[in-house]
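# Geometric and topological summary
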Amino acid sequence: MASQTGSIVQQSLQALMGDAAFLPNLQDQAREQAFLSLAAILSTPNKVHKAFLRITLDSGNVVRIPAYRIQHNDTLGPYKGGIRFHESVNEEEVTNLAALMTLKNALHEVPFGGGKGGVVINPRTYSAKELYLICKKYVQYFSDVLGPDKDIPAPDMGTGEREMDWMMSEYKSIHPGHPYLGSFTGKSILNGGSLGRREATGKGVYFTFRHMLHDFLKGQSGWLSGSTNPFVRTALAHADRPLSVAVQGFGNVGSVAALEAYKCTYLHNKVVAVSDRSVTLYNPDGLPVPALADYAARHQGDLPATEAALAELDPKAQLLGREDVLYLDVDVLILAALEEQVRKDNVGRVKARIIVEGANAPVTGEADAALAERGTIVIPDILANAGGVIVSYFEWLQGRETQFFTEEHIYSMLYDKMQKTLNAILPAFFGDPRPLRQHCYIHAVMKLSAALYRQGKLY
Ligand code: NAD
């Protein structure tokens, strides 16, 4: 595992190694050996599956499309993670995302391991029939390693409930008479999906921010007020006052997070900017987010990107370039589009003092270090964007029981789970100057390490 994830896992292991209260039975050379074993296990995937899917295109041409399923770790349960359709998919990226899933599930006590899949295509350039064939072939080629108790995929970038329905249906055909509802999550409601799944990640992203800055800090200001920890200073400077919010990405995650911020009137957060693949819309007095979400729903997810389109909708907003969202003078920046948006070369221009990672890895390791230096709080992906996998777990449970929960019940269980994680992490974060990402990784690696030790995997 190269990447930021790999180096933070190493740092977490070093921190745990020096913590005498963690696995106290392991002493001296045995301790050293066990931590070397942990580093080896957590830095490599258990299995890498690669196939070249044979697809007959509408034109009659036969092509071979590279596809992956990478199973990182199943210590805490069956592998779990999305399938991405994107032209830049490659083995290293899928492996890193699979490792992130292992850690995310461990952090939030979701009883799954980590996996990830990918197909190297730009789905916008394929017909629905071709995509259907690609989904069927994906399940056929990997059918031996997938299943409700083995490895449970879900949607990721470029895939959604349509693809999950197709894949589940193919799994059912290949395994007649076997339970199949738990083979894929993120399905349509008609096909056994969960209410609230589509909204879960965006809702969880905003909940994480809100809980940390408002609900958690309420009542903590006594012991924190004298702290010189730069993250505590930043948090207190932003607690209990109206905040301006910018959101990059207006898809499943970004549009829902923006709507949550817009609706959360008791905090008076103002959404002043939203953006997508082609444009940033900015109004320092606030944007009409529901009207924009409505527009996007009618225009294949896109925001109005021309003066004419804006005039039709009539929100008072400036049209800016798509990258401009990153550099606005706002309090909070929610990154909900792609990886590597804030990097070494542009981090100096980012003004927000609180950054929330709705997407996976939108802040690079170098940018993360520069932001920490400035006392900017980065609420990391592993903490903030777990709503999707948490509700996927509820979907899997509902599929096993064929008993379905109401939307209210799903959100209440989602918030309970995320709040439990936050309450386990935040006291340590506010009491120690390491970045929040580091605290989350230490917590996740600690859980995995203890489980691996007790399963006898470190000898
Ligand atoms: P989506 O495809 O629904 O939306 C993506 C948004 O980003 C769109 O508004 C698109 O226009 C915009 N975008 C694309 N390229 C851009 C660019 N170069 N600059 C700015 N904006 C750009 O995807 P989503 O489901 O909302 O996921 C967003 C991110 O969150 C992805 O990285 C995904 O892996 C991650 N994520 C999603 C979930 C989930 O449950 N959907 C869960 C965890 C993590």
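Remember, predicted model here, so these are calculated numbers, not experimental data.

The rules behind each value
- Residues numbered from 1 in each chain as written.
- Predicted model: local features only at pLDDT ≥ 70, side-chain atom pairs only at ≥ 80, totals over all residues.
- Heavy atoms only, no water.
- Helix = DSSP H or I, 4+ residues; strand = E, 2+ residues; numbered from the N terminus.
- Buried < 20%, exposed > 50% of the residue type's maximum accessible area, 1.4 Å probe, protein only.
- Lys, Arg positive; Asp, Glu negative; His and termini not counted.
- Salt bridge = Lys/Arg side-chain N within 4 Å of Asp/Glu carboxyl O.
- Near = heavy atom within 4 Å.
- Polar contact = N/O pair within 3.5 Å; in protein donor to acceptor, adjacent residues only side chain to side chain.
- Nonpolar A, V, L, I, M, F, W, Y, C, P; charged D, E, K, R; others polar.
- Domains from an automatic or database assignment.
- Axes fitted to C-alpha atoms, helices over the stretch in contact; angles between N-to-C directions.
- Parallel < 35°, antiparallel > 145°, perpendicular 65-115°, else oblique.
- Left-handed = near helix turned anticlockwise from the far one by under 90°.
- Contact = heavy atoms within 4.5 Å.
- Buried area = accessible area lost by both parts, 1.4 Å probe.
- Pairing = 2+ DSSP bridges.
- Expected span 1.5 Å × (residues − 1).
- Arc of directions from axis to C-beta.
- Core = buried A, V, L, I, M, F, W, Y, C linked by side-chain atoms within 4.5 Å.

The next point concerns the side chain of E130. Tracing the backbone through its elements, the reader meets E130 in helix α4 (residues 128-141). Here E130 sits buried without a salt bridge, and the closest side chain of opposite charge, K129, lies 7.8 Å off (N-O distance).

Turning our eyes to something else, we now look at the site of the ligand. What surrounds the ligand is a group of 21 residues, the closest being T201, F250, N252, V253 and R277. In this structure, an oxygen atom belonging to the ligand sits 2.8 Å away from a main-chain N or O atom of F250. Mapped onto the shell around the ligand, the elements with two or more residues apiece are α6 (197-216) and α9 (252-263). Of the residues assigned to the shell around the ligand, the class counts are 7 nonpolar, 8 polar and 6 charged. Mapping the shell around the ligand onto the domain boundaries places at least three of its residues in each of domain 2 (47-184) and domain 3 (198-379).

Applying the stated criterion across every chain, the model contains 22 salt bridges. Between K116 and D156 there is a salt bridge, with the nearest N and O atoms lying 3.1 Å from each other. Within this pair, whereas K116 is found in strand β4 (residues 114-119), its partner D156 is found in the loop between β5 (151-155) and α5 (161-174), the two being separated by 40 residues in sequence. On the basis of relative accessibility, which here comes to 16%, the residue D156 falls in the buried class. Salt bridges sharing partners connect three or more residues here, namely R84, E93, K116, D156 and E339.

So, on to the packing of helix α15 (residues 407-431) against helix α16 (residues 436-454). Two measures define how a pair of helices packs: the angle their axes make with one another and the distance between the axes. Contact pair α15 / α16: the axes reach a minimum separation of 10 Å and the direction vectors enclose 130 degrees. Between α15 and α16, the angle is such that the two are oblique. Relative to α16, the crossing made by α15 is right-handed. Residues A424, I425, L426, A428 and F429 of α15 lie in contact with α16, whose contacting residues are L436, H439, C440 and H443.

Turning next to the domain arrangement of the chain. How large an interface is tends to be reported as the accessible area lost when its parts come together. Taken domain by domain, the chain comprises domain 1 (1-44 + 435-459), domain 2 (47-184) and domain 3 (198-379). Summarising the inter-unit geometry, the C-alpha centres of domain 2 and domain 3 are found 30 Å apart. Residue-level contacts link 8 residues of domain 2 with 7 residues of domain 3. When domain 2 packs against domain 3, close to 490 Å² is buried across both sides, 35% of that on carbon and sulfur atoms. Connecting domain 2 to domain 3 are 1 salt bridge. Seen at the junction of domain 2 and domain 3, the total is 2 residue pairs in polar contact (both at pLDDT 80 or more). The element that contributes the greatest number of residues to the side of domain 2 that touches domain 3 is helix α3 (residues 91-107), accounting for 4 residues.

Of the two faces of strand β10 (residues 332-335), both are covered, the one formed by V332 and I334 as well as the one formed by L333 and L335. With 4 bridges joining them, strand β6 (residues 244-248) and β10 adopt parallel strand pairing. Paired with V245 across the bridge in β10 is V332. Two elements, β10 and strand β11 (residues 354-357), share 4 bridges in a ladder whose sense is parallel. Paired with L335 across the strands is E357, a residue of β11.

Okay, helix α2 (residues 28-42) next. Over its 15 residues, α2 extends 21 Å from the first C-alpha to the last, a length consistent with the 21 Å expected when each residue adds 1.5 Å. Residues of α2 that are buried include every one of R31, A34, F35, L38, A39 and L42, and no others. Buried residues of α2 fall within an arc of 140 degrees about the axis and therefore sit on the same side. Exposed residues pointing more than 90 degrees away from the buried face of α2 are listed as Q29 and L36.

With respect to topology, 7 strands assemble into an open sheet ordered β9-β8-β7-β6-β10-β11-β12, the strand pairing being mixed. A single partner strand is all that each edge strand has here, and the edge strands are β9 (318-320) and β12 (377-379). Geometrically, the sheet is characterised by an average inter-axis angle of 20 degrees between neighbouring strands, direction not taken into account. As paired strands, β11 and β12 are joined by 3 bridges and run parallel to one another. In the sheet register, I355 faces β12, and the bridge partner there is V378.

Let us now look at the sheet that holds strand β3 (residues 79-85). Taken in spatial order, the 5 strands of this open sheet run β1-β2-β4-β3-β5, and their pairing is mixed. Edge positions in the open sheet fall to β1 (47-56) and β5, since each of these has one partner strand only. Each strand axis lies, on average, 20 degrees off the axis of its neighbour in the sheet, ignoring direction. Inspection of the sheet shows strand β2 (residues 62-73) paired to β4 by 6 bridges, in the antiparallel sense.

Formed by 95 residues in total, the largest nonpolar core has its most connected members in V274, I379 and F430. Here this core takes 10 residues from α15, the largest share from any one element. Residue contacts for F430: discarding those within four places in its chain leaves M212, F216, L217, W223, L224, N229, F231, V232 and A235.

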